[in-house]
Amino acid sequence: MQTITYKPCDLVIYGAMGDLSRRKLLISLYRLEKANLIEPDTKIIGVDRVAQDSAAYIDIAYKSLQEFLNEEIDSSVWKTLSARLSYLQIDLAQLDQYKKLHDILDPASRVLVNYFAVAPFLFKSICHGLDQSGVLNKESRMVMEKPIGHDLQSSKEINDVVAEVFSEDQVFRIDHYLGKETVLNLLALRFANSIFTSNWDHNTIDHVQITVGEEVGIEGRWEYFDKTGQLRDMLQNHLLQILTFVAMDPPVDLEAQNIHREKIKVLEALRPITIDNVEEKTVRGQYSTGVIKGSAVPGYLDEEGANKDSTTESFVALRVDIDNWRWADVPFYLRTGKRMAGKRTEIVIYFKQLPHNIFKDSFNVLPPNKLIIHLQPNEGIDFVMLNKIPGIDEHIKLHKTKLDLSFDETFRKSSLFGGYEKLVLEAMRGNPTLFISREEIEQAWTWIDSIQDAWKHVDATPKPYPAGTWGPTEADELLARDGRAWEEPCYK
Ligand code: BG6
């Protein structure tokens, strides 16, 4: 069992009745409780404007677990968790109401962790309400997550509002992909294994592919998604974050600021996609009707609340070039889409072809070695290599084989923690390593804004693709032009 070394917290969730709190945070807190990872004196306070008492909130919390937990609720875990829960009614837009926090928080003996599970337009009043109420001190933290703006300008505005009250080291910006075990394992894979440390650049790597395929559509979120699109919803954050972990130089140690610094250097080196190259480097797609898991599903334009003329992309594929020494001439191909053939997140590192082939009996062209890193649904790593087929044949015959490291089997952990558990815990521990700095977010937006802007100046009408496929054929052509093809997602 792990020992708890962090100070007790008052974890205050603003927007306690909202979707994020009910679907994700409560589930994470339950799992952390089950693993005995919540400090015993920690309290969890739900804040929202709904008039109700703590008993009613605890009841709602229980119902949320029943609905979203996907496992039977353990009564002793629930007993401990529910004893920590309480509720406070505050109209989040009314600054004077934050005074009520004074009576229930104890910032002198518990660290105040403020989780902003609300839309950014409320951030200003929460920050100022907290400031005026006098409950904040240097140890207090604030946690927020995307969308942190929809472009550079709006993200700066949000960060500025928060910075009026919290210093940068008090701000924990979540990208839930950074809580996923395999993303973190990239640090270990790359910087603890000499075979990879010394073979991780343009000398040995041909190109990299990152695929984040989702089976879900827009899940009734037309209003949000149609204004956002897949580039902003998924690529600006999750895929670029994965890319930085794959591409960064070794940090001097695991301190947050040193990891952040290396990630920023990668973001700064991304070659801009502009009006001059946007058509060659990007593909936008939009799903039409199709079949997912054997059932017919509507197309994007038939979703509930749809505007039939929408040209928002539900799929995007890009060729990304990183202009630095390590990655010269090594393209990164990124693709992500809703309603794809499977829920698969994979990174594939393609190593370079050997200069000469002495096994022509088996392969005219030797297939390259590949390192396939699976993020979800099953975490693990495969290394694809060539081996001799055993036997006494006259000629040596080769066969492609896989060294297969499945986290489930290797570490005998059937349920590794999800991203949120890890990040909520790290926020309570006060460890900023897995959170995103302001500079990273702004650098990522600068690069994404240039693509969004370029799309306005060319014919970027999204190409249709049937739901249940891996995107429009134009995405295949993006790689075919470079003599390459997407890796068929690997079903483990
Ligand atoms: C969210 C996006 O950030 O990530 C959603 O807003 C998306 O549109 C979700 O479906 C995917 O997360 P995961 O962990 O299920 O891959």
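Above this text is the structure in question.
It should be emphasised that the depicted structure is a prediction, and the values quoted were computed from it without experimental measurement.

### Thoughts on the sheet that holds strand β1 (residues 9–14)
Spatial strand order, β3-β2-β1-β4-β5-β6: six strands in an open sheet with parallel pairing. Looking at strand neighbours, the two that pair on one side only are β3 (85–89) and β6 (171–174), the edges of this open sheet. Here the strands of the sheet are splayed against their neighbours by 20 degrees on average, with no regard to which way each runs. Here strand β5 (residues 141–145) pairs with β6 via four bridges, running parallel. Residue Val 143 lies in a different strand from β6, and its bridge partner there is Phe 172.

### Regarding the side chain of Glu 426
You can see Glu 426 is positioned in helix α13 (residues 419–429). For Glu 426, a relative accessible area of 4% translates into the label buried. A polar contact of 2.6 Å, which involves the side chain of Glu 426, links it to the side chain of Arg 429. When residues no more than four places from it in sequence are discounted, the contact partners of Glu 426 are Phe 172, Asn 431, Leu 434 and Phe 435.

### Re unusual backbone geometry
For the peptide bond that leads from Lys 146 to Pro 147, omega is 0 degrees, which places it in the cis range. Summarising the element assignment, Pro 147 is placed in the loop between β5 and α6 (152–163). Residue Gln 376 is joined to Pro 377 through a cis peptide bond whose omega torsion reads 10 degrees. Summarising the element assignment, Pro 377 is placed in the loop between β14 (370–376) and β15 (380–388). Positive phi outside glycine occurs at Asn 36, with the angle close to 55 degrees. Assignment of secondary structure puts Asn 36 in the loop between α1 (19–34) and β2 (43–48). Despite not being glycine, Asp 329 has its phi angle at roughly 65 degrees, a positive value. Mapped onto the elements, Asp 329 comes out in the loop between β11 (315–320) and β12 (332–337). Overall, the relative accessible area of 70% leaves Asp 329 in the exposed class.

### Focus on the site of the ligand
Taken together, Lys 146, His 176, Tyr 177, Lys 180, Glu 214, Arg 221, Asp 233, Met 234, His 238, Lys 338, Lys 343 and Gln 376 make up the full set of residues adjacent to the ligand. Within the side chain of Tyr 177, a nitrogen or oxygen atom sits 2.5 Å from an oxygen atom of the ligand. Within the side chain of Arg 221, a nitrogen or oxygen atom sits 2.5 Å from an oxygen atom of the ligand. When the free accessible area of the ligand is taken as 400 Å², the share hidden by the protein chains comes to 81%. In terms of residue count, the dominant contributor to the shell around the ligand is helix α9 (residues 222–247) (three residues).

### Here we look at the environment of His 260
As for its position among the elements, His 260 is in helix α10 (residues 256–269). Taking the C-alpha atoms as reference points, His 260 and Lys 370, separated by 110 residues in sequence, lie 28 Å from one another. Setting aside chain neighbours within four positions, we find His 260 in contact with Pro 432, Thr 433, Phe 435, Ser 437 and Glu 440.

### Observations concerning empty space enclosed by the protein
With a probe scaled to a water molecule rolled over the atoms, the places where space remains empty come into view. For the structure shown, the criterion picks out three cavities of 30 Å³ or more. Counted as a void, the largest cavity has a volume near 210 Å³.

### Looking at α10
In this model α10 runs 20 Å from its N-terminal to its C-terminal C-alpha over 14 residues, within 8% of the 20 Å that 1.5 Å per residue would give. Most of α10 is tucked away, with ten of its 14 residues classed as buried. Among all positions of α10, only Ala 256, Asn 258, Ile 259, His 260, Glu 262, Lys 263, Ile 264, Val 266, Leu 267 and Ala 269 are buried. Considering only its buried residues, α10 is in contact with α7 (181–191), α9 and α14 (438–456).

### Focus on the pairing of strand β8 (residues 282–288)
Within β8, six of the seven residues are buried, which leaves the element mostly enclosed by the surrounding structure. Strand direction decides the pairing type here: β8 and β11, joined by four bridges, are antiparallel. The residue of β11 that forms the bridge with Thr 282 is Leu 318. Direction of pairing for β8 relative to strand β17 (residues 463–466): parallel, over a ladder of four bridges. Across the sheet, residue Tyr 287 finds its bridge partner in β17, namely Tyr 465.

### Some remarks on the sheet that holds strand β13 (residues 344–351)
Within the open sheet, the nine strands sit side by side as β16-β15-β14-β13-β7-β12-β11-β8-β17. Their pairing is mixed. Looking at which strands have only one partner, the edges of the open sheet turn out to be β16 (398–406) and β17. Across this sheet, the average inter-strand angle for adjacent strands is 20 degrees, counted without regard to direction. In this sheet, β14 lies alongside β13 in antiparallel orientation, the contact comprising six bridges. Counted as the bridge partner of Glu 346 is His 374 from β14. Contacting β13, β14 and β15, α7 crosses the sheet at an angle of about 145 degrees to β14.

### A word on the packing of α1 against α13
The N-to-C vectors of α1 and α13 enclose an angle of 75 degrees; their axes lie 9 Å apart at closest approach. It follows that α1 is roughly perpendicular to α13 by the angle criterion. Facing α1, whose interface residues are Leu 20, Lys 24, Leu 25, Ser 28, Leu 29, Arg 31 and Leu 32, α13 presents Tyr 420, Glu 421, Val 424, Leu 425 and Met 428. Residues belonging to the contact of α1 with α13 are distributed by class as follows: eight nonpolar, one polar and three charged.

### Re the side chain of Asp 321
Relative to the helices and strands, Asp 321 is located in the loop between β11 and β12. Of note is the side chain of Asp 321, whose polar atom sits 2.8 Å from the side chain of Arg 319. Asp 321 has contacts with Ala 269, Leu 270, Arg 271, Lys 281 and Pro 331, leaving out every residue within four places of it along the chain.

What counts as what
Residues numbered from 1 in each chain as written. Predicted model: local features only at pLDDT ≥ 70, side-chain atom pairs only at ≥ 80, totals over all residues. Heavy atoms only, no water. Pairing = 2+ DSSP bridges. Helix = DSSP H or I, 4+ residues; strand = E, 2+ residues; numbered from the N terminus. Axes fitted to C-alpha atoms, helices over the stretch in contact; angles between N-to-C directions. Buried < 20%, exposed > 50% of the residue type's maximum accessible area, 1.4 Å probe, protein only. Polar contact = N/O pair within 3.5 Å; in protein donor to acceptor, adjacent residues only side chain to side chain. Contact = heavy atoms within 4.5 Å. Near = heavy atom within 4 Å. Areas by Shrake-Rupley, 256 points an atom, 1.4 Å probe, with all protein chains shown as cover. 1 Å grid on protein atoms, 1.4 Å probe; cavity = no way out; pocket = protein on both sides within 12 Å on 5 of 7 lines; lining within 4 Å. Points joined across faces, edges and corners; volume = space filled by probe spheres on them. Expected span 1.5 Å × (residues − 1). Parallel < 35°, antiparallel > 145°, perpendicular 65-115°, else oblique. Nonpolar A, V, L, I, M, F, W, Y, C, P; charged D, E, K, R; others polar.

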